[in-house]
Amino acid sequence: MIVTKNLKKVFGNNWVLNGIDETINKGEKVVVIGPSGSGKSTFLRCLNLLEEPTEGEIWFEGKKINDKNVDINKIRQKMGMVFQQFNLFPHLTVLENITLAPTKLGIMTKDQADDKAIELLNRIGLKEKALSYPNQLSGGQKQRIAIIRALAMNPDVMLFDEPTSALDPEMVGEVLELMEALAQEGMTMVVVTHEMRFAKRVATRVMFMDEGKIVEQNTPEAFFDNPQHPRLKEFLSKIL
Ligand code: ADP
Ligand code: MG
């Protein structure tokens, strides 16, 4: 579904991604971990071209997407992204937040988008919040709304950048539960997270990123029980 070839990114003279060659297949749930500043967010943001790669190629569903001729908005519709800070529009209701993109992009009529939004809100038990504003919601509710807002576009892959890092601890569970449900339904997912229990339960593959490279990756069992790279061993000894 996603292929990167020698992906590199530089900010000024800071090489943040140093050549990433990866393939993410349909249905995979890839968890990316690594120290702060190792390039995890930049990697994720390059996948849907929120950051433009300095060098290398990104392929999505058989098409090279870092190419002038590609309509990146079309591509992004198929890649849902969820951020640490929710990024809901504060001046729009929950319903408007969810229906904005599908209606604005002409993918659905207003009625279709409303129906879809209500169905999704129902699914997460927040239908009664449809006309609330984001500041009337808890952090966990906001993040779950952000997730279903992405789902409203029927994406083929979901990218999550530390979706629970800004949440109070008691809200983390409800967000991870929703993500796990998506995983079980077969969604292709790339998740940057520090939630190691989630990684062990849900990931088909865990990657360790350090200084702009994926230095080790494996099934969760092998990754956590038998890490090889000294940096990964050190990292795991600090967080587990
Ligand atoms: P991580 O998500 O692993 O913490 P990031 O991808 O956010 O790492 O950042 C990697 C490095 O790239 C950091 O040194 C950060 O300061 C730098 N960086 C990220 N985004 C930008 C940007 N827009 N402009 C300049 N430097 C950036
Ligand atoms: Mg980050």
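Here the residue index of a chain counts from 1 through its sequence in written order. Labels are handed out in written order, letters beginning with A for the chains and numbers beginning with 1 for the ligands. Whole-chain, interface and lining totals are the exception, using all residues; otherwise, since this is a predicted model, local features are given only for residues with pLDDT of at least 70 and side-chain atom pairs are given and counted only at 80 or more. Excluded from the side-chain calculations are hydrogens and water; all other atoms, namely the structure's heavy atoms, are used.

## Remarks on the UniProt feature "domain: ABC transporter" (unreviewed entry) in the protein chain
Which entries qualify depends on this criterion: UniProt positions are given in the numbering used here, feature names are shortened, and annotations may be inferred rather than shown by experiment. Numbered from the N terminus, helices here are DSSP runs of H or I no shorter than four residues, and strands are runs of E no shorter than two.
Taking the UniProt record as the reference, the feature "domain: ABC transporter" (unreviewed entry) is found at residues 2-236. End C-alpha to end C-alpha, residues 2-236 measures 27 Å, and it is 37% helix and 26% strand.

## Structural notes on the environment of Asn66
To be explicit about the condition: Only protein chains enter the calculation, and the probe is 1.4 Å; a residue is then buried if its accessible area is under 20% of its type maximum, exposed if over 50%, and partly exposed in between. Should any heavy atoms of two residues lie within 4.5 Å, those residues are counted as being in contact. Between N or O atoms, a polar contact is any pair within 3.5 Å; within protein, one atom must be a potential hydrogen donor and the other a potential acceptor, and residues adjacent in sequence are included only when both atoms are from side chains.
With respect to the helices and strands, Asn66 occurs in the loop between strand 5 (63-64) and helix 2 (72-77). Assessed through its relative accessible area of 18%, Asn66 is described here as buried. Ignoring anything within four residues of it in the chain, the contact list for Asn66 reads Leu49, Pro53, Gly56, Glu57 and Ile58. Among the polar contacts made by the side chain of Asn66, one reaches the main-chain carbonyl oxygen of Gly56 at a distance of 2.8 Å. A distance of 3.0 Å separates a polar side-chain atom of Asn66 from the backbone nitrogen of Ile58.

## Some thoughts on the nonpolar core
Filter applied, for reference: Only buried residues count toward a nonpolar core. Its members are Ala, Val, Leu, Ile, Met, Phe, Trp, Tyr and Cys residues joined through side-chain atoms within 4.5 Å.
One finds Ile33, Ile145, Ile147, Met158, Phe160, Met179 and Met189 to be the most contacted residues of the largest nonpolar core, which totals 48 residues. Among the elements that take part in this core, helix 6 (residues 169-184) stands out by supplying eight residues, more than any other. For Met189, the residues in contact, after removing those within four places along its chain, are Glu28, Lys29, Val30, Met158, Phe160, Met179, Leu182, Ala183 and Phe198. Formed by 27 residues, the second largest nonpolar core is a distinct cluster that contains Ile2, Leu44, Cys46 and Ile58.

## As for the packing of aromatic side chains
Aromatic ring pairs are described here by two measures, namely the spacing of the ring centres and the angle between the planes. Counted only if it meets this: Each Phe, Tyr or Trp ring (for Trp, its six-membered ring) is paired with any other whose centre lies within 6.5 Å, and the angle between the two planes then decides the class: stacked below 30 degrees, edge-to-face above 60, tilted in between. Note on criteria: charge over ring means Lys NZ or Arg CZ within 6 Å of the ring centre, with the direction from the centre no more than 35 degrees off the ring normal.
Per the counting criterion, the structure on display carries two aromatic pairs. Ring plane angle 45 degrees and centroid distance 5.3 Å describe the contact between Phe208 and Phe235, whose orientation is recorded as tilted. Placement of Phe208 in strand 9 (residues 205-210) and of Phe235 in helix 9 (residues 230-239) is noted, with a sequence separation of 27 residues between them. The class for Phe235 is buried, based on a relative accessible area of 12%. Aromatic pair Phe223 and Phe224: ring centres 5.1 Å apart, planes at 80 degrees, arrangement edge-to-face. Residue Phe223 shares its accessibility class with Phe224, and that shared class is buried. One cation-aromatic arrangement involves Lys200 over Phe224; the distance from NZ or CZ to the ring centre is 5.1 Å.

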